[in-house]
Structures are given as C-alpha cells and as structure tokens.
Amino acid sequence: ETESTIFQWNGGKCNKDERFKALQYCQQLKNERHGKVSFEVVDSDADNNHEFYSFLTSEEVEDGDHDENQFSDEMKLFKISDTTGSIQFTQVKSANLGLHLLDSNDIFVLDKPTHCYVWIGRRSSAVERASWYVIAHRYMSESGQLKKPVTTIKQGREPKNMFQK
C-alpha cells in the first residue's frame, strides 16, 4: 500500500479463496480511503520491473529479526463483536488471560509482546468474520505494530502457548 496505490500480490501457489479474501481486504482499504487510490493486482510471475517491486527492500530479513523493544511487554485481549447492532472493538482484559475469557459468539484479538493471535469463535457472525482483518490491521497500524506477526486461529485449534508471554 502506498499513498496512491493499493497492491494485491498473489503468490504462485495461492488458491482462489486466498485471492478473493485478499481482494476483499484491498477493497475495504480502498473504501476507507473513499476510493481516492488506485488498486492493482500483481501476480508472482509479474515482470520484476513492475512498480510494486520498487517499494520492496532488497535486504534479507531473518525470522525473529526484529527489535524486541518495539513491542509492549504486556498482553492485551480485545473483542470484536456486533451484538449491539454495529461492529465494536473493545479491550477485554490485560491480566490473567486465558481461554475462559473467549466467547464462541465473537472474535478476539490477543496482542502478545511479539505475536498477535486472532481467535475466531465457531458462532461468530458473518459480519464479524468479514470485518476482523480490517479491524486488526487498523489496531496494529495505530499501535505501530505492523511488523508483528499475526496468526488466525479457529476455535478448538488453539496452540498450548497461546496465552503464555
């Protein structure tokens, strides 16, 4: 994403569902900017001279190669819910976090010191499922954490270390 263009890059092995979900996300970004940006899809087999590649750095980045100090050492749990009739993003808690706080009717964002999880409840609404990625991206952007990895987890598939620092 630049000031004037939103790019959707499709990897060579991505499937139609991934392409569609990326398209939805890009459309949401464009709508947030009131259509004042152009949108372009770039496939992995595009010419290396394509404008998209000029925005990428040539530096190699290793896994875990980030400044630990750029992230908070506190864990926070947020809820994405539309039970009030409109989509709400609210902080639930920042201490004594655990699975017992998650409600299968909603979606939750767990912001850990070096990782972020988006937990999708089995009975979350279609509106919540269609909105979580825009809400999570906005939160990560506003909190200066766009480089933090984000993992989506469906209810019942939680990793054992999800609530450990």
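These figures come from a predicted structure and were not determined experimentally. Just so you know, the residues in each chain are numbered from 1, in the order the chain's sequence is written. Whole-chain, interface and lining totals are the exception, using all residues; otherwise, since this is a predicted model, local features are given only for residues with pLDDT of at least 70 and side-chain atom pairs are given and counted only at 80 or more. Side-chain metrics in this entry use all non-hydrogen atoms of the structure; hydrogen atoms and water are not considered.

A.B. asks: Mind laying out the environment of Asn161, listing which residues take part and the relevant values?
C.D. replies: In this structure, Asn161 sits in the segment after β7 (150–154). Asn161 gets classed as partly exposed once you look at its relative accessible area, which sits at 37%. Here Asn161 is in contact with Lys112 and Tyr117, once residues within four sequence places are set aside. Secondary structure elements are defined from DSSP: runs of H or I of at least 4 residues count as helices, runs of E of at least 2 residues count as strands, and each element is numbered from the N terminus. Summary of the burial criterion: residues with accessible area below 20% of their type's maximum are buried, those above 50% are exposed, and those between are partly exposed, where the area comes from a 1.4 Å probe applied to protein chains only. Any two residues whose heavy atoms approach within 4.5 Å are treated as being in contact.

A.B. asks: Lay out the side chain of Ser104 in plain terms, naming residues and giving numbers.
C.D. replies: Mapped onto the elements, Ser104 comes out in the loop between β4 (88–93) and β5 (107–111). Not counting chain neighbours up to four residues away, the residues in contact with Ser104 comprise Trp119, Gly121, Arg122, Arg123, Ser124 and Gln155.

A.B. asks: How would you explain unusual backbone geometry if you had to name every residue and give the values?
C.D. replies: Glycine aside, the phi torsion of most residues is negative, and most peptide linkages are trans. The phi dihedral of Asn96 falls on the positive side, at around 50°, and the residue is not glycine. Checked against the element boundaries, Asn96 lands in the loop between β4 and β5.

A.B. asks: Can you lay out the confidence of the model for the chain for me, pointing to particular residues and giving the numbers?
C.D. replies: When pLDDT is averaged along the chain, the result is 82; 87% of the residues meet or exceed 70. When the criterion is pLDDT under 50, residues 60–71 qualifies, and its contacts beyond four places in sequence or with other chains add up to 8 contacts. Residue-level confidence of the predictor, termed pLDDT, takes values from 0 up to 100.

A.B. asks: Can you lay out the sheet that holds β7 for me, pointing to particular residues and giving the numbers?
C.D. replies: Remark on secondary structure: sheet strands pair via backbone hydrogen bonds, oriented parallel or antiparallel. Two strands are said to pair when DSSP picks up at least two bridges between them. Pairing is mixed across the open sheet formed by 5 strands, whose spatial order is β4-β3-β5-β6-β7. Sheet topology places β4 and β7 at the edges, where each strand pairs with a single neighbour. Along the sheet, successive strands turn relative to each other by an average axial angle of 25°, direction set aside. In terms of strand pairing, strand β3 (residues 76–81) meets β4 through 5 bridges, oriented antiparallel. The partner of Phe78 across the bridge, within β4, is Gln91. Across the sheet, helix α2 (residues 126–142) is in contact with β3, β4, β5, β6 (116–120) and β7; its angle to β3 comes to roughly 140°. Axes here mean lines fitted to C-alpha atoms, for a helix over just the part in contact, with angles spanning 0 to 180 degrees between N-to-C directions.

A.B. asks: I'd like a rundown of the side chain of Asp106, residues and numbers included.
C.D. replies: By the secondary structure assignment, Asp106 is in the loop between β4 and β5. Buried and unpaired, Asp106 has no salt bridge, with Lys79 as the nearest side chain of opposite charge at 4.1 Å. A distance of 2.8 Å separates the side chain of Asp106 from the side chain of Ser81, its partner in a polar contact. In this view, Asp106 contacts Lys79, Ile80, Ser81, Thr83, Trp119, Ile120, Gly121, Ser124 and Glu128; residues no more than four positions away in its chain are not counted. We treat Lys and Arg as the positive residues and Asp and Glu as the negative residues; His and chain ends play no part in the count. The term salt bridge refers to a pairing of a side-chain nitrogen on Lys or Arg with a carboxyl oxygen on Asp or Glu at a separation within 4 Å. Residues adjacent in sequence count toward polar contacts only when both atoms are side-chain atoms; beyond that, a polar contact is any pair of N or O atoms within 3.5 Å, and within protein one must be able to donate a hydrogen and the other to accept it.

A.B. asks: Describe in detail the pattern of salt bridges, supporting the description with residues and values.
C.D. replies: Summed over the entire model, instances satisfying the criterion amount to 3 salt bridges. Linking Lys16 and Asp17 is a salt bridge whose minimum nitrogen-to-oxygen distance equals 3.4 Å. Classification of Lys16 as exposed rests on a relative accessible area of 65%.

A.B. asks: Before we move on, could you go through the pairing of β6 and cite the residues and values that matter?
C.D. replies: Of all 5 residues making up β6, 5 are buried, and the element is well covered by its neighbours. Burial along β6 is two-sided: the face carrying Cys116, Val118 and Ile120 and the face carrying Tyr117 and Trp119 are both buried. Both β5 and β6 contribute to a ladder of 5 bridges, which runs antiparallel. Across the sheet, residue Phe108 finds its bridge partner in β6, namely Trp119. Adjacent in sequence and paired antiparallel, β5 and β6 are bridged by 4 residues. Bridging between β6 and β7 involves 5 bridges; their strand directions are parallel. For Trp119, the partnering residue across the bridge sits in β7 and is Ile153. Regarding the hand of the β-α-β motif, the stretch spanning β6, α2 and β7 is right-handed. Handedness is read with the strands pointing away from the viewer; a crossover is right-handed when the path from the first strand over the helix to the second is clockwise.

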